[in-house]
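Commentary on secondary and tertiary structure
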Amino acid sequence: MHNQNNITEKIYWIGTNDRRTHLFENFWPIPKGVAYNSYLIVDEKVAIIDTVERSTMEEYMDNIESILNGRKADYFIINHMEPDHSGSIRSLIERYPDIQIVGNKKTFPMLQNFYGISNNLLEVKEGSQIDLGEHKLNFYMIPMVHWPETMVTYESTTKTLFSGDAFGAFGTLDGGIFDDEVDLDYLEDEISRYYSNIVGKYGRPTQTALKKLSGLEIKLICATHGPIWRSHIPEIVAKYDKWSKYETDKGCVIVFASMYGNTEKMADNIARRLVKKGIKKIRIHDVSKTAPSYIINDIFKYRGVVLASCAYNGEMFPAMESLTNELTHMGIKDHLLGILGGKSWGGGGLKALKKFSENIKWETIEVMPEALCAPKDKDFEMCEELADKMASRLHELYD
Ligand code: FEO
């Protein structure tokens with residue numbers, strides 16, 4: 001018999017786990033997979049909230065059918081149109097052709113443009129309500145968390161918030177579906193990586209959404225990815241509040257691009273000096289080896305950032321260029337930056353990093369070493385000077 005995943009007596013998790021895809025959005029590594037969460041409410045009327053990515057569509061349709069068992073579905077609520085949630089819409093509508101499609105005025109043009117669907121639409125606004133019988137669905141717009149059309153659905157009888165991408169996580173749901181059934185230590189970085197990678201650009205809209213939803217009494221948070229929150233709601237809301245304010249801890253992320261180890265030596269020198277000056281949380285990444293996903297996640301955690309790049313064709317090393325582009329696009333705020341370079345003749349790495357620093361507008365330490373070929377004593381002395389300034393500024397900010 002098919003498992004039925006009850007959240008309450010009449011609300012079910014009907015989502016799927018994706019353990020096959022390597023890159024979420026074809027970019028972010030997901031070694032622990034991802035869950036696409038969808039929900040079903042069976043009342044006098046039946047409502048389905050969001051769908052799943054189309055690769056798991058068959059299992060998804062079975063999940064619905066195993067509960068409805070021939071009964072028809074009345075409402076399909078689209079909180080978010082990104083195809084990891086809208087990808088099974090066509091199959092859903094084929095199976096339930098009379099279903100009313102519920103969205104807001106920004107949802108429907110996307111529905112038309114992605115899937116050519118324009119019938120049976122029911123437009124809701126902030127404050128609209130749909131009565132399912134015992135359950136009442138209320139809608140709140142949370143634009144740019146994660147797309148412009150994004151809204152949340154609040155079921156006011158069970159006090160359940162269907163939150164879209166907000167409060168989501170990477171990682172599959174391995175048996176447990178609730179936050180107190182899964183290993184949150186195992187998922188800790190998957191939760192922060194999901195925020196920093198996917199929602200991270202939208203700090204201000206996330207703050208607006210948190211303020212808007214703060215008046216609601218919430219007993220369950222059903223996000224589109226990751227565990228269902230019921231035992232750790234204050235903790236996950238506090239994390240989102242901290243992250244979306246770009247609040248960081250005392251520490252330093254050192255990222256180097258080095259072809260033959262010379263620039264890496266300077267990065268190591270800075271790390272050692274930072275530790276001697278009392279900075280304990282140091283994370284060093286080789287930008288050629290570690291995906292931006294993990295580096296960006298650490299940058300969301302720690303105030304200090306040191307970027308070290310050898311020159312390459314008169315510019316930064318390509319992998320460093322890609323990382324700095326991503327950081328600029330995401331508009332991450334409030335960091336303390338140190339930059340340094342290495343060159344064999346004309347240079348270009350440090351010059352390009354200076355341009356990055358001007359664009360991103362982080363407070364930047366004015367000592368900027370640049371070694372010629374292999375670093376010498378004078379280069380290491382400058383690295384130590386950079387580290388000293390970084391450490392003393394971090395102490396000033398946090399002590
Ligand atoms: Fe999980 Fe923005 O989609």
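Nothing here was measured: the structure is a model prediction, and the numbers come from that model.

**Describing the pairing of strand 17 (residues 249-257)**
The element strand 17 is largely enclosed, with a buried count of 7 among its 9 residues. Looking at chain direction, strand 17 and strand 19 (residues 302-312) are connected through 7 bridges and run parallel. When the bridges of strand 19 are listed, Ile-254 appears paired with Val-306. Alignment of strand 17 against strand 18 (residues 282-286), held across 5 bridges, turns out to be parallel. The residue of strand 18 that forms the bridge with Val-253 is Arg-283. For the segment spanning strand 17, helix 8 (residues 262-276) and strand 18, crossover handedness is right-handed.

**Let's talk about the packing of aromatic side chains**
Geometry of an aromatic ring pair is reported as the spacing of the ring centres plus the angle between the planes. Taken as a whole, this structure holds 15 aromatic pairs when the rule is applied. On the basis of an interplanar angle of 55° and a centroid distance of 5.7 Å, the ring pair of Tyr-240 and Trp-243 is categorised as tilted. Of this pair, Tyr-240 and Trp-243 both sit in helix 7 (residues 233-244), 3 residues apart, which is roughly one turn of the helix. Exposure remark for Trp-243: the relative accessible area of 12% places this residue in the buried category.

**Side note on the environment of Met-382**
Secondary-structure assignment places Met-382 in helix 12 (residues 377-398). A relative accessible area of 31% means that Met-382 is categorised as partly exposed. Between the C-alpha atoms of Met-382 and Met-368, which are 14 residues apart in sequence, the distance is 7.4 Å. Among all residues touching Met-382, those that are not within four sequence positions of it are Val-367, Met-368 and Pro-369.

**Structural notes on the environment of Arg-95**
You can see Arg-95 is positioned in helix 3 (residues 89-95). Taking relative accessible area as the criterion, Arg-95 reaches 34% and is therefore assigned partly exposed. Taking the C-alpha atoms as reference points, Arg-95 and Met-61, separated by 34 residues in sequence, lie 8.7 Å from one another. Excluding anything up to four places from it in sequence, Arg-95 contacts Met-61, Glu-65 and Gly-70. Separated by 2.9 Å, the side chains of Arg-95 and Glu-65 make a polar contact.

**With respect to the sheet that holds strand 16 (residues 220-223)**
Read from one edge of the open sheet, 5 strands run 12-13-14-15-16, paired in mixed fashion. Looking at the sheet topology across the chains shown, the edges are occupied by strand 12 (129-131) and strand 16. Pairwise comparison of adjacent strand axes, ignoring direction, gives a mean angle of 20° for this sheet. Both strand 15 (residues 160-164) and strand 16 contribute to a ladder of 4 bridges, which runs parallel. When the bridges of strand 16 are listed, Thr-160 appears paired with Leu-220.

**A look at helix 8**
Compared with the 21 Å implied by 1.5 Å per residue over 15 residues, the 22 Å span of helix 8 between its first and last C-alpha is a close match. Turning to helix 8, its buried residues number three or more, namely Thr-263, Met-266, Ala-267, Asn-269, Ile-270, Ala-271 and Leu-274. Taken from the residues just after helix 8, Gly-278 is the one with a positive phi, measuring 95°.

**Considering the nonpolar core**
Counting 113 residues, the largest nonpolar core has Ile-7, Ile-48, Leu-307 and Met-320 as the members making the most contacts within it. The element that contributes the greatest number of residues to this core is helix 5 (residues 184-199), accounting for 6 residues. In contact with Leu-307, not counting residues within four places along its chain, are Val-255, Met-320, Leu-323, Thr-324, Leu-337, Gly-338, Ile-339, Leu-340, Leu-353 and Phe-356.

Calculation criteria
- Residues numbered from 1 in each chain as written.
- Predicted model: local features only at pLDDT ≥ 70, side-chain atom pairs only at ≥ 80, totals over all residues.
- Heavy atoms only, no water.
- Buried < 20%, exposed > 50% of the residue type's maximum accessible area, 1.4 Å probe, protein only.
- Helix = DSSP H or I, 4+ residues; strand = E, 2+ residues; numbered from the N terminus.
- Pairing = 2+ DSSP bridges.
- Right-handed = clockwise from strand over helix to strand, strands pointing away.
- Phe/Tyr/Trp six-rings, centres within 6.5 Å; stacked < 30°, edge-to-face > 60°.
- Contact = heavy atoms within 4.5 Å.
- Polar contact = N/O pair within 3.5 Å; in protein donor to acceptor, adjacent residues only side chain to side chain.
- Axes fitted to C-alpha atoms, helices over the stretch in contact; angles between N-to-C directions.
- Expected span 1.5 Å × (residues − 1).
- Core = buried A, V, L, I, M, F, W, Y, C linked by side-chain atoms within 4.5 Å.

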